[in-house]
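Breakdown of the fold
What follows is the residue order along each chain.
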Amino acid sequence: MSDKPEAGQSFGYPFAIEEFEDRLARVRAAMRAKDIDLLLVTGPENIFYLTGQQTPGYYTFQALVLPVEGDPVFVVRQLEYFNFVANTFITDAAIYQDTDDPVAFLVRLIETKGLKGKRVAIDKRGWFLPIATYEALLTALGTVHDAAGVVERLRMVKSPLEVEKLVRSAAYVDAGIKAGLAAVRPGNTENDLVAAMMGAAIAAGSEYMGMEPLVSSGPRSGVPHGTWRRRRLQDGDAAFLEMAACHDRYHAALMRTAWIGTPPAKALEMAKVCQEALAVSLEAIRPGVPCEMPHIACQKVIDAAGYTDNFRKRLGYSVGISFAPDWGEGGILSLNAGVKTLLEPGMSFHLPPALRVYGRFTVGVSETIIVTETGCKVLGTLDREMIRIAA
């Protein structure tokens, strides 16, 4: 087998090659500003952003070796080589075997390129850069500089082409949540809800999601980040549904709440507070406003209603390219107190204000949005009211 891809072997790129070339040019400009000679890109999200490469096998070592001048090289495991061929326009792959030490293989490549001793940097924010791998690179190279944020800062603002993918993802997640809400009725299980949600979102067009749906019912719905466990729904239960859907690795998310029978007055009040908090947060979003301002607007509504202790989290987080274990963009950008980064057109966020009483219920509502020139565009279409189901 040749170690070089042949023309026509690709199964289609998520963007035109010109889009990727522009991204690489902007990364190289950032490298020059930081005096970086060689950037090692290891995070699967950053790799996808720059090359289109994607695989569920990112749990094994992979790296884009990007010199500030000259052609990039992709270091890839033999088994993942054809993913590289199918997904990316990069033409040079350095293929290691399962019997190889990937770090030693990478270091030899750096030496071969005459770049050992140069200023080498790495994106340290990836989920899959083990401490042992980083320490081995330090031992071999002497110094590895910090390039965290170099690629991520470019990912903060989505291009019109990226926004189109988020819009598609939002349509998929709408279909999923709508189907899940329709399945909320006595006798159905949490698994029935998730099966409906996943089936509808995938049928609408979604690829595999960066994280599983968060679905729980009854008393356990009062536990954050709960997942389905076969529980059968009954009269008086809250049902909490949250999920994301994906188009070309771009994720949009959505949260809704339903109740079987008559909700207690406190649940109705808390749901109303969540809806109001979301509405004022959306009104606060516009270019030039610090990321903390929508959070502060949300927090004021919750504090005024007396539910401060029920809301100990950020308002929202940026969404875009994601791989498991998260459907958000990791730590790129948050709508939270103390975050002074100014909002810009093209930034995208999921805003999920939720209030819970531990061991009793959670109510919440969310939207995925794009910052526009004048405010924000909500991508979802579903009603935000808590769904009431007859017992």
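Below you will find a few notes about this structure. Not measured: the values here are computed from a predicted model.

Attention shifts here to the sheet that holds strand 7 (residues 214–217). Across the sheet, four strands lie side by side as 7-8-9-17; this open sheet has mixed pairing. Two strands bound the open sheet, and with one partner strand each, they are strand 7 and strand 17 (387–389). Here the strands of the sheet are splayed against their neighbours by 25 degrees on average, with no regard to which way each runs. Here strand 8 (residues 238–247) pairs with strand 9 (residues 250–260) via ten bridges, running antiparallel. Its bridge partner being in strand 9, H247 is matched across the sheet by Y250.

Bringing the sheet that holds strand 1 (residues 38–41) into the picture now. Reading across from one edge, 4-3-2-1-5-6 is the order of the six strands in this open sheet, with mixed pairing throughout. Each edge of the open sheet carries a strand with a single partner, namely strand 4 (93–96) and strand 6 (145–146). Of the strand pairs in this sheet, strand 1 and strand 2 (residues 63–67) are connected by four bridges, and their pairing is antiparallel. When the bridges of strand 2 are listed, L39 appears paired with L66. This element, helix 4 (residues 102–112), spans strand 1, strand 2, strand 3 (73–77) and strand 4 of the sheet and lies at about 145 degrees to strand 4.

In terms of residue burial, strand 9 counts as a mostly covered element, since eleven of its eleven residues are buried. A two-sided burial pattern is seen for strand 9, the buried positions comprising Y250, A252, L254, R256, A258 and I260 on one face and H251, A253, M255, T257 and W259 on the other. Between strand 8 and strand 9, which pair antiparallel in sequence order, lie two residues; one of them, D248, sits at a positive phi of approximately 50 degrees. Bridge count between strand 9 and strand 17: three bridges; the pairing is parallel. By the bridge assignment, W259 is partnered in strand 17 with R388.

What counts, and where the lines are drawn
- Residues numbered from 1 in each chain as written.
- Predicted model: local features only at pLDDT ≥ 70, side-chain atom pairs only at ≥ 80, totals over all residues.
- Heavy atoms only, no water.
- Pairing = 2+ DSSP bridges.
- Helix = DSSP H or I, 4+ residues; strand = E, 2+ residues; numbered from the N terminus.
- Axes fitted to C-alpha atoms, helices over the stretch in contact; angles between N-to-C directions.
- Contact = heavy atoms within 4.5 Å.
- Buried < 20%, exposed > 50% of the residue type's maximum accessible area, 1.4 Å probe, protein only.

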